Each structure stands twice: as C-alpha cells, then as structure tokens.
Amino acid sequence: MALLEIKEPGGNSEIENEEQICIGIDFGTTNCVCSIKRGDEIQLIPDELGNFIIPTIISYEQGGFLFGNQVFKMEEYKESKFIFSIKRLFVENPSKKIKFDNLDSDYSPIELASLVFEYLKKCSENFLKTKINKCVITVPAYFDDISRSAIKRSASASGFDVLRLINEPTAAAYAYGLEKETRGNFFVYDIGGGTVDLSILKLTQGVFKVLSSGGDVYLGGDDFDIAFCKEILRFNNLTELENFKSSEKIIAIKKCKKFKERLSIKSDFEDRLIIDGVEVKLKVNIELLNSSISQLVEKTIKISKEVLFQANLDVSDLDGVIFVGGSSRLGLINKRISEEFKLKIFSDIDPDIVVARGAALHAYGLVNGAKNLLLDITPLSLGIETAGGLMEKIVERNSTIPIIKEQEFTTYENGQTAIKIHILQGERETVEDNRSLGEFILNGIPAKPPGMPRIKVRFAIDSNGILSVAASEESMGVSKELEVKPTHGLEVEDMKDMIKDSIINGSVDIEKRLLKESKMEAKIFLNEMKNLKKELSDLSTKDELKKVNTIINDLESELKNDNRKKIKELIKLLDQATQSFSEKRIKKSIKSALVGKNYDNLL
Amino acid sequence: MKKEDVVAENLFTFKISMKKIILECWNCSSIIKNFSFFCCKCLKIQKPIEVDIFKIFGLPYNFSVDLEKLELKYYDLQSKLHPDRFINSSPEESYFSQIHSSNLNSSFEKLKDTVKRSEELLKILGFKVDKDDKSFNDIKILNEIMELQDEAENIKSQKERSNFLVMVNSEVSNLYKQLKESFKQKRLKDASKLNIKISYLNKIIKDIKLTQVNE
C-alpha cells in the first residue's frame, strides 16, 4: 500500500449525521492493533505499509521518529536506537525520562506513548479518510490507577478524546460474546508480550460482568523468550546470555522467539546464532522450550486459582476458557489449562487481534448505542489509615464500578479537632505494606470526648475507575474532598508482589494487626480512664480505686512490649475492675463512653 | 419522624431537601409520586434520592429473595442507568447515572449476601444492633465459634478439611433455614443472633478455602 497523504481536517465530513466514528485501540506491550466497527463490519486498521499488527516500537532516525513496522524496515537493529515495550515502562514509572542516543532531549514513557498514539491516529485517519477524535483504549485489567491515568494522558496529549478505558480480557470476551452469542461464566486467560491478565466474566443477556481479576504485570511472552534463549544456550554449552553484547543479545532473543514459533511445526531442528561476531550452530527442540517456561506457566496457573477463588466459583461453574494474546498459542499452556480446567477453549478468533475487535465493538456501542453493557471492577482494595497504622478497607477489590461507599470513623483522643485521611490501595493489613495514594486533613471537628464525633468518609470510584475521597463531620457541617491524582508510582516489585504477599503473609499480618489492635485498644482504654479520673474517684471505693490504678500502671508498662496476650489480659482485668464504676456511671444516666471491644478480630 | 428526602448534589455533599415527599422532575417539573429512575413524562433520568436496598429493586421487605430474578432485574436496570448510556448526555444526567449505577451495584452486592441482606432488613424493620456488644451477649455462640476455629486450625489432611467443610456448610444451611423462619415470625432478636453466627461460620469457610487455594 502506498503512503497516503494526510488530509487536512476541516470541511464537511462525509459521514456527518450518520453513525459516529470511534476507534478501538489495543495498546499492547509488544504490538498495537487498531480496529473500527462501521455498519455491521469490524475492520482492522492497517499502517501505511499494510500491516494490521503494529509493533510498539519507536526509533529516531535521520531527523524524525520511526514507528512500528517502519523500524523493522531498517537493516540493522541497534539497541540504543529504538525503544520498545513502552507499556512496561508505564508500570515502572510513567514520568521517568529515557534517552535516545542520537537525540538531545529525553522523553518520558508518557511522551513516547503519546507519539505512538499520534502515529496510530494518523494511520487511522489515512485509512478512514476522515478526522478521528474518539477512541476506546484497552488496558490490562490488573493495571493500577497510575498506569491507567498515564495511558489516558498520553492518548489525550495526542489529540484523542478517550471515551473509556476497558480491560483487555473484558474486551476479548466482548468480541466472543457479541459475535457468537455465548452465555455463561468464562475464564479469560490473556497472556501478551509483557503481562498476564486473568479474569472471570459472567455473561448474561448482553451484560458482561467482571467477577474478579488478577495477574502479573511482569510476566509475559517476552519472559518466555528470554527463558527459552537461556535454556538453548545452556543446552548447547554456549556463552550465557548475560555475557552477550547488547546488540547481539536482542538479536539472539528475537531469534529464539522465531525458534519458538517454528517449534509448533517442527519439534526439533538445528539453526545458527551469532555470538561475538562468530556464527555458531545449535540444537533446538520442544523439550527445551517446555522445560524453560514451565515454571512461568505454573505461576499463571496459581494466579488462575486465586482469581477463581475471588470470584467465589468452582471450576465446575465455568463454561469455557477464552485464550487471548500471542503466547496463548503455546502448546504447554494449552495442555496445562486443559488439564486444570477441563473446559472448552475458545481460540478461534486470532488471539492477537481479539482485544482490538472487542474494543472496536465497545467503541461503536458507546457512541451509537448498544444493547450490550460492560460492568467492570476495581482491581485492588481501597481504604484509609486508621489509628495504629492499620488499613481499613472501604472499597473491597473486585467491586463493580461505579461505586460509592461510606464509612463512619471517630476520634480517639479527648478534644481531638482534626483527623488525617490517608488514602491507601492494596490488600495488606498494615499501612506501610500498602501503597499511599494521598492524604488530607479534616479540620474543625467539634472538641468532644473520644468516640463521640461522627466523621463520614466517602469513597467514590466513577465508571472510568477514577477515585475521589471526601470526609465530613455532620454536626458542624465541615467537609473536605480530594480527587486522587497519584503523583508517585508504585515500585515495580511492590506492584508485582502486592496481592501475592497479602496471601503469603496473611498469618503474619493478622498477628501484627492483632497486636496493634490490642495496643490501640489499651491506649484508648487508658486514655478514657485518664479522662474519667475524677469521676472514677468520686464513684469508686478506695479499694476499687487502688486496684484500678495498679492495673493501669501495669498496662502502661506492658505497652512497651509486644506481648499481646499480656496486654489482652490486663485489658480484661481493667474491664472487670471498672465494671462497678461503669455501672454506676450508666446509672447516673451518663452514656457510657467505654469503648467497645472489637471482637470481630478475635477470630 | 418523617423520612427526609436526601438529594445528592455531587458525589459527596448530600443536601437535605426539606422533608419533601413529593418530588418534581428537574426537567419538565412533572410530579413524581413514587420512587422512579426516570420521569414518566419526559423520560429524563431523575436526581438520585436515598432508597434502601429493597426499594431500589422494587422488592418487598422479605428475607427471601429470588436471586436469579434479582440478578436479571439488576442487569436490566444497569442497562438503562449505567454511565455508558449517558456518554452523549448533559454532565448532570451523566452524573446522576454515576450515582444510580453505584447505588445499584452496592445494593445488589448486599442483597446477594445473606448476612448483609438480613443486617439491612433488621435495620429497616427497626431492630437495633448494638455495635458494642454485637454477639458478645451470647457466650455460648462465642464458645462454639472458638471451638470450630480451633478445629479448623488443627486440620492436617485434605480429607479432614473437606469433611470439616461439609460439616460447617451443613450447619450454615441449617442456620439459614432457622433465620428464614425467624424473619417470617418476626423474631428479630433471634434473627440477629443467627445472622451473627452465620457470618462467623462463613468467615471460617472462607479462610479454609483460601488455605486450599494457596497450597
């Protein structure tokens, strides 16, 4: 296909008053695919070279940027000259600048992605011969708020009006459901170049409800290629991959990717590789591939089980598995999933383009009306910090969005007039193990005894997955709100391990939490006693008073240690010792302010 | 006391409109007598008002709910009220839809869950659950739960675990029947106690399943 001229926008569009145009973009780690639904037809949008699959690669050459397949037209690959896997850089840090060797200025992943979006926009406008503004972009279901908003910002910067970000597995299921009218519970196994993204979806009467999702933003086909490459080198007694020159390393990995694809036709063969400028012979077979990736594949099986558990379903409740992403073609994956789930596997739509098709369908429905509906979820729990450094979850993960949730909190010190609302995301019990999204302070709380003020904290996640938090104290009418626009990213390792950790560390966490809670309970109790000192001496006998004071002293010194049992015991003793006092107080018709014990956490 | 109509002005500040029982359509001023998502005259989406989880789905205040029917109703309402349907509408309407859709989501979640559903129903029927002594008036229940908890912790084999699960599950379904009966006969205090017990047992079941997944 010849390079088409870009028409200047403006003038009367030919299709005004007809259907609105909105394209679907699968912005993948390794490849991008654009698609559009017009009339009853879904079309893939080619680049100017006629390719539908556009590698997510940028290079700088002779005074201009080259994108996708343009880069591959170059004879030589030089690592420093092109940048790939931009989406992975998003997970690391969307704002960190990257340098091109032959360019003075640095670019951040957001800027680079926006260049790619601009290119995709041009391709689409060339192909459709009209100005394109609106789009729907797919993101991994497991992507967090920061990566999502970074992708949205990039596309907006290139002139797109992003109507919706939808999850990749959902888009894939959408493509299957709409075109083949499938109904039931489906497990979407999406393994792309850089991410594994697993979701359980329920399809009913045109509504697609995501029940749960999970994944790994750092595991994908690219990792398979590297593992396979290392295994080949080991098997053939060659230099380790780490010792390769960087330019040869990339070529070697790329070549192993080719070997991987060839193995689906021929289970063993010989080929060549260039190491240190010398061509060497090597043997390749299917066993090498399977043994090198088996651990990685098992990791995805484990996540699958977790996702199923989160959806509250058994394997027998599932009706099928939908395969998405190039790596789902691997024989080993097919074999393992068949073994684990014993289900029909849907793979008849090309796994490389199924997401883009779903995105195009959704895009069409949004602007032109559709009978179908997507109900998406929030992938990680959200909450705030409570006294003692614990995270109180307000919106549980896998909640269907949009969602508004409200919870009441109170003060724990006498006369406290301000409260800090620290917003957190993650599955762990303690604040430091989760990720901080921001914080604000609510002032002007009326000075009252602890436990009296009622502070409402409201979390709202809109249908775009954007979180806002508000806090208010009703009696005084003070309120404050914050739209969370996270400025700092989650460390890659944190992100990767966040959910996994919450399960592995479950028991440690609970012990930690119980200890913190017991200490908190004790502190609150002691604080309370301090406030009631005068009343206590008025209403108690001398013996009682003496006993109570001894326990208070013991408890105060015990707080320096981490002996939960001891603390609990002393609280119980104090509770008993103050029993008659609190009864007298209640009799005096004073509302008992002794703080109730939180027994929920005993279990 | 009359129930006040609460009108959401934005996602956070709920302004209380003065005890208005009769609502007007914001667009055509038609009077809307019953709770409705859309104006019966101009068909415009209406301002969200505070409704309980039963009323939003047009359900009577019964403990028994046909979950299959409810789910279809939920999908039907979401299909009409989800923000995706208001992409080309005014910001106000799109905003109303965010709140309606959110209310549908949280109400549906609560209705689906036996424990949450009965908690809400108890509240609506006027039964006050005192947060401070939730469950702890009943030492017997507590001891039973503690024993089960111990038992669960001491499970060693896969077989023991599945036997234990069968046992706890059958206990839950037994309690569930009793709970249903309690609601029928308006014995709310009993219902509340049963509900607390079920919630603890559910937690035990969930924890066991989680260990299973992690193995």
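Refer to the structure above for everything that follows.
What follows concerns the overall build of chain A. Secondary structure summary: chain A contains 16 helices and 29 strands in total. Out of the 603 residues belonging to chain A, those deemed buried represent 55%. Within chain A, residue pairs in contact and separated by at least 24 positions form 66% of the contacts whose partners lie at least 6 positions apart.

In terms of nonpolar packing, the biggest core is built from 53 residues, with F57, L104, F164, F183, L201 and I204 of chain B touching the most fellow members. Breaking this core down by element, the ones donating at least two residues are β19 (373-375) of chain A together with α1 (67-81), α2 (91-112), α3 (114-124), α4 (139-153), α5 (158-184) and α6 (188-214) of chain B. Among the elements that line this core, the one with the most residues is α6 of chain B, at 10 residues. When neighbours within four sequence positions are excluded, F183 of chain B is seen to be in contact with F63, S118, L121, L122, L125, L188 and A191 of chain B. Core analysis: the second largest hydrophobic core is formed by 46 residues, I200, L289, I303 and V307 of chain A among them.

Residue and element names in this part refer to chain A. Taken in spatial order, the 4 strands of this open sheet run β22-β21-β25-β26, and their pairing is antiparallel. Looking at strand neighbours, the two that pair on one side only are β22 (390-395) and β26 (435-442), the edges of this open sheet. Between one strand and the next, the sheet's axes are offset by a mean angle of 30°, whatever the strand orientation. In this structure, strand β21 (residues 382-386) lies alongside β22, joined through 5 bridges in antiparallel fashion. Along β22, the bridge assignment pairs G383 with K393.

We now examine the pairing of strand β11 (residues 161-167) of chain A. Residues and elements named next belong to chain A. A large share of β11 lies buried, amounting to 6 of its 7 residues. Sheet topology places strand β10 (residues 134-139) next to β11; 6 bridges connect them, and they run parallel. The residue of β11 that forms the bridge with V136 is R164. With helix α4 (residues 145-157) bridging β10 and the parallel β11, this β-α-β connection has right-handed handedness.

What follows deals with helix α8 (residues 286-310) of chain A. Residue and element names in this part refer to chain A. The terminal C-alpha atoms of α8 lie 35 Å apart, and with 25 residues this matches the ideal 36 Å at 1.5 Å per residue to within 8%. Along its length, α8 reaches its greatest deviation from straightness, about 50°, at S294. The opening residue of α8, the one whose side-chain oxygen lies 3.0 Å from the backbone nitrogen of E287, is N285. At the C-terminal side of α8, N312 shows a positive phi close to 60°.

Attention now goes to unusual backbone geometry. The peptide bond linking I401 of chain A to P402 of chain A adopts the cis configuration, its omega dihedral lying at 0°. Assignment of secondary structure puts P402 of chain A in the loop between β23 (399-400) and β24 (403-409). In this model, N312 of chain A sits at a positive phi of 60°, which is unusual for a non-glycine residue. With respect to the helices and strands, the residue N312 of chain A is situated in the loop between α8 and β17 (320-324). Here the phi dihedral of S29 of chain B falls at roughly 65°; this positive angle occurs in a residue that is not glycine. Assignment of secondary structure puts S29 of chain B in the loop between β3 (23-24) and β4 (31-32).

Residues and elements named next belong to chain A. Across its 15 residues, helix α10 (residues 354-368) extends 21 Å between first and last C-alpha, which sits within 8% of the 21 Å expected from 1.5 Å per residue. Within α10, 13 of the 15 residues are buried, leaving the element largely enclosed by the surrounding structure. Count one or two residues on from α10 and you reach G369, which has phi positive near 85°.

By secondary structure assignment, the location of M167 of chain B is in helix α5. Once residues within four sequence positions are removed from consideration, M167 of chain B is found in contact with L148 and E151 of chain B.

Each partner contributes to the interface: chain B provides 38 residues, whereas chain A provides 42 residues. When chain B packs against chain A, close to 3,600 Å² is buried across both sides, 61% of that on carbon and sulfur atoms. For the pair chain B and chain A, the interface holds 3 salt bridges. Between K202 of chain A and E71 of chain B there is a salt bridge, with its nearest N and O atoms 2.8 Å apart. On the surface where chain B and chain A come into contact, there are 8 residue pairs in polar contact (both at pLDDT 80 or more). Here the side of chain B that touches chain A takes 9 residues from α2 of chain B, the largest share from any one element. Among the residues making up the side of chain B that touches chain A, the classes are represented as 16 nonpolar, 12 polar and 10 charged.

The next point concerns the pairing of strand β12 (residues 184-191) of chain A. Residue and element names in this part refer to chain A. In terms of residue burial, β12 counts as a mostly covered element, since 8 of its 8 residues are buried. Pairing between β12 and strand β13 (residues 196-204): 8 bridges, direction antiparallel. Paired with G184 across the bridge in β13 is L203. Linking β12 back to β13 in an antiparallel pair, the connection comprises 4 residues.

As a further point, take the sheet that holds strand β14 (residues 207-216) of chain A. One open sheet holds the 6 strands; their spatial order is β18-β17-β12-β13-β14-β19 (chain A), and the pairing between them is mixed. In this open sheet, the two edge strands, each paired with only one partner strand, are β18 (345-346) and β19 of chain A.

On to the side chain of S199 of chain A, then. Relative to the elements of secondary structure, S199 of chain A occurs in strand β13. Ignoring any residue separated from it by four or fewer positions in sequence, one finds S199 of chain A in contact with A141, P169, F186, F187, V188, S212, S213 and V307 of chain A.

Residue and element names in this part refer to chain B. Viewed as axis vectors pointing N to C, α2 and α3 meet at an angle of 105°, and their least axial separation amounts to 5 Å. When the interaxial angle is binned, α2 and α3 end up roughly perpendicular. Contacts between α2 and α3 pair K110, L111 and K112 from the former with T114, K116, R117 and E120 from the latter. The residue makeup of the contact of α2 with α3, split by class, is 1 nonpolar, 1 polar and 5 charged.

Scoring rules and cut-offs
Residues numbered from 1 in each chain as written. Chains lettered and ligands numbered in written order. Predicted model: local features only at pLDDT ≥ 70, side-chain atom pairs only at ≥ 80, totals over all residues. Heavy atoms only, no water. Helix = DSSP H or I, 4+ residues; strand = E, 2+ residues; numbered from the N terminus. Buried < 20%, exposed > 50% of the residue type's maximum accessible area, 1.4 Å probe, protein only. Contact = heavy atoms within 4.5 Å. Core = buried A, V, L, I, M, F, W, Y, C linked by side-chain atoms within 4.5 Å. Pairing = 2+ DSSP bridges. Axes fitted to C-alpha atoms, helices over the stretch in contact; angles between N-to-C directions. Right-handed = clockwise from strand over helix to strand, strands pointing away. Expected span 1.5 Å × (residues − 1). Bend = angle between axes of the 7 residues up to and from the residue. Polar contact = N/O pair within 3.5 Å; in protein donor to acceptor, adjacent residues only side chain to side chain. Buried area = accessible area lost by both parts, 1.4 Å probe. Salt bridge = Lys/Arg side-chain N within 4 Å of Asp/Glu carboxyl O. Nonpolar A, V, L, I, M, F, W, Y, C, P; charged D, E, K, R; others polar. Parallel < 35°, antiparallel > 145°, perpendicular 65-115°, else oblique.

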